[in-house]
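Examining the three-dimensional arrangement
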Amino acid sequence: MQLDDVTISRLITRSFTESFQEAMDIDVAIGGAGPSGMAAAYYLAREGVKTVIFERALKTGGGMPGGGMMFNTIVVQESAKAILDEFGIRSCESETGYFTADSVEASAALCLKAMQAGAKIFNLMSIEDVMIREDDRVSGLVLNWTAVHMAGLHVDPLSVRAKLVIDATGHASEICHIVVDKLHGRLDTEGGGIMGEKSMWAEVAEQRIMENTREVYPGLIVAGMAANAVCGTHRMGPIFGGMLLSGKRAAEVALEKLKSRVPS
Ligand code: 48F
């Protein structure tokens, strides 16, 4: 069989368009394919929830592949070891009782498992706005190509509708920022706004992340480092148990909300 360049191009554009159309009306839209977003996607998709991640970068993994200061190893505490095992991520127990894992393997496993559970990831797309309707709840995302942003082009975006949105955009907590900056929305945080992350303190940061992982605005759940940044808690650096546990927790919160939601 002769390889035809145009057939290849047709297949790519048709397959992409079909998947993107599928992604336009979904249960949960997740901003960011870092560890917390991909863990959340896995736990949602395996329950049959239509879940899509929109990721700005070319590659998935967020801050995980970089390990600590480019030493590409992550540390995970005992409480999250079961999640490493569930994703098939090999780890080594150290004499301190912490586990180490290869940060590249961990990122790849999170991505593969989330997708094989049924989640879809669109890379190279940036969330630039949220969709809000009369009930004043986040009901979708507004997207554009990252390349459009990088080139500073004036190109209008496209929208996707979602029953729930998870902000897993990391330190920048970009979706929460949109809600506060554009809509002057009051978040469920101590001061009603984005409290801002505090300096590195793994012990406190990893403890608080679970209570910080919650719905902070109608229709908007916050996960991972964004949860700590929004709630004014410390950062934790290259320990990743909290990211995995927070992703799982965000999925549980979303599942509860979806169950109690009145069908529209
Ligand atoms: O930063 P990131 O890895 O977030 P996370 O899941 O994990 C945090 C850790 O990596 C580390 C840490 C923990 O130990 O402190 O930093 O909370 O992944 C966030 C992803 O979101 C993407 C970004 O490219 C990254 O891959 N992202 C950020 N803003 C947007 C976005 C946006 N507006 N649209 C789409 N993707």
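1. Describing the pairing of strand β7 (residues 125-132)
The element β7 is extensively covered by neighbouring structure, given that seven of its eight residues are classed as buried. Bridge count for β7 against strand β8 (residues 138-145) is seven bridges, and the pairing is antiparallel. The residue of β8 that forms the bridge with V130 is L141. Following β7, the chain reverses through five residues before pairing antiparallel with β8; D136 in that reversal takes a positive phi of roughly 60 degrees.

2. Here we look at the sheet that holds strand β5 (residues 99-102)
The three strands are arranged β3-β5-β4 in an open sheet whose pairing can be described as antiparallel. Two strands close off the open sheet at either side, each with one partner strand: β3 (73-76) and β4 (91-93). With strand direction ignored, the average angle separating the axes of adjacent strands in the sheet is 30 degrees. As defined by bridge partners, β4 adjoins β5 across three bridges and the pair is classed as antiparallel. Each residue of the ladder has a partner; that of C92, found in β5, is T100. Sheet strands touched by helix α4 (residues 103-116): β3 and β5. Its angle to β5, the strand with the most contacts, is close to 75 degrees.

3. As for the environment of I89
Within the fold, I89 resides in the loop between α3 (81-86) and β4. Taking the C-alpha atoms as reference, I89 lies 13 Å from P65; in sequence the two are 24 residues apart. Non-local contacts of I89, meaning those with residues more than four positions away in its chain, are made with L84, A101, E105, A106 and A109.

4. Thoughts on the pattern of salt bridges
Taken as a whole and judged by the stated rule, the model has 14 salt bridges. A salt bridge links E174 to R56; the shortest N-O distance between them is 2.8 Å. One end of the pair, E174, is in helix α6 (residues 174-183); the other, R56, is in the loop between β2 (51-54) and β3, and 118 residues separate them in sequence. On the accessibility criterion, E174 (26% relative accessible area) is partly exposed.

5. A few points about the packing of helix α2 (residues 35-45) against α4
Remark: α2 packs on α4, axes separated minimally by 8 Å, with the N-to-C direction vectors making an angle of 30 degrees. Considered as vectors, α2 and α4 are oriented roughly parallel to each other. Where α2 crosses over α4, the handedness of that crossing is left-handed. On α4, the residues that touch P35, M38, A39, A41, Y42 and A45 of α2 are S107, L110, C111, K113 and A114.

Analysis parameters
Residues numbered from 1 in each chain as written. Predicted model: local features only at pLDDT ≥ 70, side-chain atom pairs only at ≥ 80, totals over all residues. Heavy atoms only, no water. Buried < 20%, exposed > 50% of the residue type's maximum accessible area, 1.4 Å probe, protein only. Helix = DSSP H or I, 4+ residues; strand = E, 2+ residues; numbered from the N terminus. Pairing = 2+ DSSP bridges. Axes fitted to C-alpha atoms, helices over the stretch in contact; angles between N-to-C directions. Contact = heavy atoms within 4.5 Å. Salt bridge = Lys/Arg side-chain N within 4 Å of Asp/Glu carboxyl O. Parallel < 35°, antiparallel > 145°, perpendicular 65-115°, else oblique. Left-handed = near helix turned anticlockwise from the far one by under 90°.

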